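# Examination of the molecular architecture
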Amino acid sequence: MNRLEQHLRAVRDQGRKILVPFLTGGYQDRDTFVRLLLACQDAGADAVEVGIPFSDPSADGPVIQATSATALEAGTTADTVLADVAAARARGLEIPAVAMTYYNPVLAAGGPGFARRAAGAGLDGVLVVDLPAEEAGEFAPAARNAGLGTVLLVAPTTPEARIPGVLARCSGFVYCVSVAGVTGDKRPAADTVAELVARVRRHTDLPAVVGFGVHDPASARAVGAVSDGVIVGSALLRAVDGCTGGAAVAAARSFLGGLRAALDKRAGA
Amino acid sequence: MTDLQPRGHYGPFGGQYVAETLMPALIELERALDAAADDPGFRAEFRALLADYVGRPTPLTRADRLAAEFGGARIYLKREDLCHTGAHKINNTVGQVLLARRMGKRRVIAETGAGQHGVATATAAARFGLGCTVYMGAEDVRRQAPNVERMRLLGAEVVPVAAGSRTLKDAMNEAIRQWVSRVETTFYVIGSVAGPHPYPRMVRAFQRVIGDEARAQCLEAEGRLPDAVVACLGGGSNAMGIFPAFLDDPVDLVAVEAAGEGVPTGRHAAAIAAGRVGVLHGMKSYFLQDDHGQILEAHSISAGLDYPGVGPEVAELARSGRVRTAAATDAEAVAAFHRLARTEGILPALESAHALARVGDLAREKGPDGVVVLNLSGRGDKDLATVLAWDGGEGGQR
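Read on for a plain summary of the structure. Sequence order as written defines residue numbering, which begins from 1 separately in each chain. For this description, chains carry letters from A and ligands carry numbers from 1, given in the order in which they are written. Local features are withheld for residues below a pLDDT of 70 in this predicted model, meaning they are given only at 70 or higher, and side-chain atom pairs are given and counted only at 80 or more; totals for whole chains, interfaces and linings count all residues. Note that the side-chain values use all heavy atoms of the structure and ignore hydrogens as well as water.

## Focus: the side chain of aspartate 383 of chain B
- Its place among the elements puts aspartate 383 of chain B in the loop between strand S14 (371-376) and helix H16 (384-391).
- In this analysis, two residues are considered to be in contact whenever any of their non-hydrogen atoms come within 4.5 Å of each other. For aspartate 383 of chain B, the contacting residues outside a window of four places in its chain are Pro348, Ala349, Leu350 and Glu351 of chain B. Each helix is a run of H or I in the DSSP string that is no shorter than four residues. Each strand is a run of E no shorter than two, and both are numbered from the N terminus.

## Points about the sheet that holds strand S5 (residues 107-112) of chain B
Residues and elements named next belong to chain B.
- By this definition, two strands are paired if DSSP reports at least two bridges between them. Spatial strand order, S7-S6-S5-S8: four strands in an open sheet with parallel pairing. Looking at the sheet topology across the chains shown, the edges are occupied by strand S7 (157-161) and strand S8 (186-189). The average angle at which neighbouring strand axes cross in this sheet is 25 degrees, direction not considered.
- As judged from the four bridges shared by S5 and S8, these two strands associate in the parallel manner. Axis definition: a line fitted to C-alpha atoms, over the contacting stretch in the case of helices. Angles run 0 to 180 degrees between N-to-C directions.

## Remarks on helix H13 (residues 312-320) of chain B
Residue and element names in this part refer to chain B.
- Three labels apply to residues, based on accessible area from a 1.4 Å probe with only protein chains included: buried if under 20% of the type maximum, exposed if over 50%, partly exposed otherwise in between. Counting buried residues in H13 gives seven out of nine residues, a clear majority hidden from the surface.
- Within H13, the full set of buried residues consists of Pro312, Glu313, Val314, Ala315, Glu316, Leu317 and Ala318.
- Trailing H13 by a residue or two, glycine 321 shows a phi angle of about 95 degrees, which is positive.

## What to know about the pattern of salt bridges
- Within this document, salt bridges are pairs made up of a side-chain nitrogen of Lys or Arg and a carboxyl oxygen of Asp or Glu, the two lying within 4 Å of each other. Under the definition given, this model contains 54 salt bridges over all chains.
- Aspartate 84 of chain A serves as the salt-bridge partner of arginine 30 of chain A, at 2.9 Å between the closest nitrogen and oxygen. You can see arginine 30 of chain A sitting in helix H2 (residues 30-42) and its partner aspartate 84 of chain A sitting in helix H4 (residues 78-90), a full 54 residues away along the chain.
- Between arginine 56 of chain B and glutamate 213 of chain B there is a salt bridge, with its nearest N and O atoms 2.9 Å apart. With arginine 56 of chain B in the loop between helix H2 (40-54) and strand S3 (60-62) and glutamate 213 of chain B in helix H10 (residues 209-222), the pair connects residues that are 157 residues apart, well separated along the chain. The burial state of arginine 56 of chain B is the same as that of glutamate 213 of chain B; both residues are buried.

## Section: the packing of aromatic side chains
- To pair, rings of Phe, Tyr and Trp, with the six-membered ring standing in for Trp, must have centres within 6.5 Å; the planes then decide the type, stacked if under 30 degrees apart, edge-to-face if over 60, and tilted in the middle. This structure, assessed with the given rule, holds nine aromatic pairs over all chains.
- Linked through ring pairs, Tyr103 and Phe139 of chain A together with Tyr17 of chain B together constitute an aromatic cluster.
- Geometrically, a charge over a ring is one whose NZ (Lys) or CZ (Arg) sits within 6 Å of the ring centre while staying within 35 degrees of the ring normal. Sitting over the ring of tyrosine 53 of chain B, arginine 127 of chain B keeps its end group 5.0 Å from the ring centre.

## Let's talk about the packing of helix H4 (residues 89-102) of chain B against helix H9 (residues 199-207) of chain B
Residue and element names in this part refer to chain B.
- It is the contact of H4 with H9, at a shortest axis distance of 8 Å, that shows an interaxial angle of 115 degrees. Remark: the crossing between H4 and H9 carries right-handed chirality. Contacts between H4 and H9 pair Lys89, Asn91, Asn92, Gly95, Gln96 and Leu99 from the former with Tyr199, Met202, Val203, Phe206 and Gln207 from the latter. In a left-handed crossing the near helix is turned counterclockwise from the far helix by less than a right angle, and in a right-handed crossing that turn is clockwise.

## What to know about the nonpolar core
- In terms of nonpolar packing, the biggest core is built from 127 residues, with Tyr175 of chain A together with Leu99 of chain B touching the most fellow members.
- Examining the composition of this core, we find that eight residues originate from one element, helix H1 (residues 23-37) of chain B, more than from any other.
- Residue contacts for leucine 99 of chain B: discarding those within four places in its chain leaves Leu29, Ala32, Leu33, Ala36, Phe42, Phe187 and Met202 of chain B.
- In this structure, Val174, Val193, Val210 and Leu256 of chain A belong to the second largest nonpolar core, which totals 71 residues. We define the nonpolar core as a collection of buried residues of types Ala, Val, Leu, Ile, Met, Phe, Trp, Tyr and Cys that are connected through side-chain atoms lying within 4.5 Å of one another.

## Overview of H4 of chain B
Residues and elements named next belong to chain B.
- A helix is expected to span 1.5 Å multiplied by its residue count minus one. Here H4 contains 14 residues, and its C-alpha end-to-end distance of 20 Å stays within 8% of the 20 Å for a straight helix at 1.5 Å per residue.
- Along H4, the residues classified as buried are Lys89, Ile90, Asn91, Asn92, Thr93, Val94, Gly95, Gln96, Val97, Leu98, Leu99 and Ala100.
- Note on H4: the residue one or two positions beyond its end, glycine 104, has a positive phi of about 80 degrees.

## Focus: the side chain of aspartate 81 of chain B
Residue and element names in this part refer to chain B.
- Tracing the chain through its elements places aspartate 81 in the loop between strand S4 (74-79) and H4.
- Owing to a relative accessible area of 5%, aspartate 81 belongs among the buried residues under this scheme.
- Contacts described as polar in this section are N or O atom pairs within 3.5 Å, which, within protein, must combine one atom able to donate a hydrogen with one able to accept it, while residues neighboring in sequence count only if both atoms come from side chains. Among the polar contacts made by the side chain of aspartate 81, one reaches the side chain of arginine 79 at a distance of 2.9 Å.
- In this structure, aspartate 81 is in contact with Gly86, Ile346, Leu376, Ser377, Gly378 and Arg379, ignoring residues within four places of it in sequence.

Function cannot be inferred from these measures alone, as they are strictly geometric.
Below is the structure:
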């Protein structure tokens, strides 16, 4: 079992809700990005998702589109993101890190070769948004051989009959997409999320973590109550937007601290 | 269908590279397409619309004064410029809108570059009373104002897309985002043989009438098949409209990409000549991209060819050698536009003018006994401002 899955299963089995922030790699600049990774850990995140920016992020809403464009303009590549994760590891980042990206930058970075370099840099898993189960066979074996978890999405549109096939290719955790939409777009409805997570849990005991639309302590608490935890990206990046350097790091720590407290309150209640 | 095996690959190209949220919609679409293809009622309705609404069959016009410019083979023009709305795009949008209605969808969305596919989608949606929203790069909205007005007159909502390079690829990204948000009620009408399976197959199926007609018309006029068929190539809808009827024949198939200011300048849209294998918009194919897999902006004087990729089946036909590719620059396309206007009395679309720019080479290659068929995919009225600006010196300064 890869380290990502081991760690998240352990968190869940302790009765703690999983908190996974998403950061756009190289945003706002390389140094701030490394400090933001460490801030996630300081604020009580259980893992972190690292976006490798792509020029054409068709599954992302306006916030991640904008942070991706900023990062690319500053010269961010798959390899600078891996180097930054390695730098954060050297500075004490211990929580698992999952690369989240699109397939084209992965292909350009060498496909299987990218998987090996990612593992070497201290990544623990990979989620390629535009590799659904049908196409996962092209990259998932290389990722698994490199020791990476291969996270797949389950969406509200996914019929139950598809779920076993998706899960057969999925490891680390199941990324449950709370709403049919793009990142940061709509607000999830608690009953829809509960129904989705229940559908997933009928087929696996992998941690079921919910992303898309979790934006504040209240929504984190509501979604966490019916799942194993939450992923938060656009709202975190929005909280960071408008300040730079140390202030941005402080903003991230404060925002995530609020989510952590909300999740913990629910878990202890 | 729960085996979740890869579908819709053409050699190493094609596939379904989309987020999970869209996969069920693609599976639903494929089932509906298969059912429609097996339904004589659907096929008859499609044929009737092509005849009575689009205006098919379009003629195959012998172009002797154009051919005389080159002194080689006889040249025939497949007159898609005479279709309703002025281009071949309507063949496909009528088919997809019929399918959308059959699937019970009340609303269609589309991406558009120059606006031709947007106009064709708005037209078909109006004909069947479906809501229509068209996503168009903000830069294209500015450059193609008359087509924006046409779409609005047809009852469509036109949404300018301010992200990225503000052109066709960004419009397609936004259409995908909007589709994912309303996937249960909305049908996405893609305009080229591009995108995830089953779109390339579906668009080819609705466009292949071009080649089926042209093949029969050439046999009628010449008593034999042509020696070569030539079409311009952006995403590939008009090329994959005319080529399939000839794939099993001893006929040269030539696709002409947009070389923009010249392939060596980097300012072009020649994805096969200068692109690398990658994944965008749901398909694996050739794309213009940098060493890190970031998609590059395409450039062509023709907005309809201004796309950094190409459909997967065309990519495979080029890779296998069945389709030969060539390229024509902006300047060559404008020269070919003028040549056809003056020799045949036809203003071609700047897209089609790229094929016209290479037809002389083919005519000379095939010699005086040869026959060449060219897909004249659209008419050039929409391009008057562009051509006049070029002639006024703007083109020379770029």
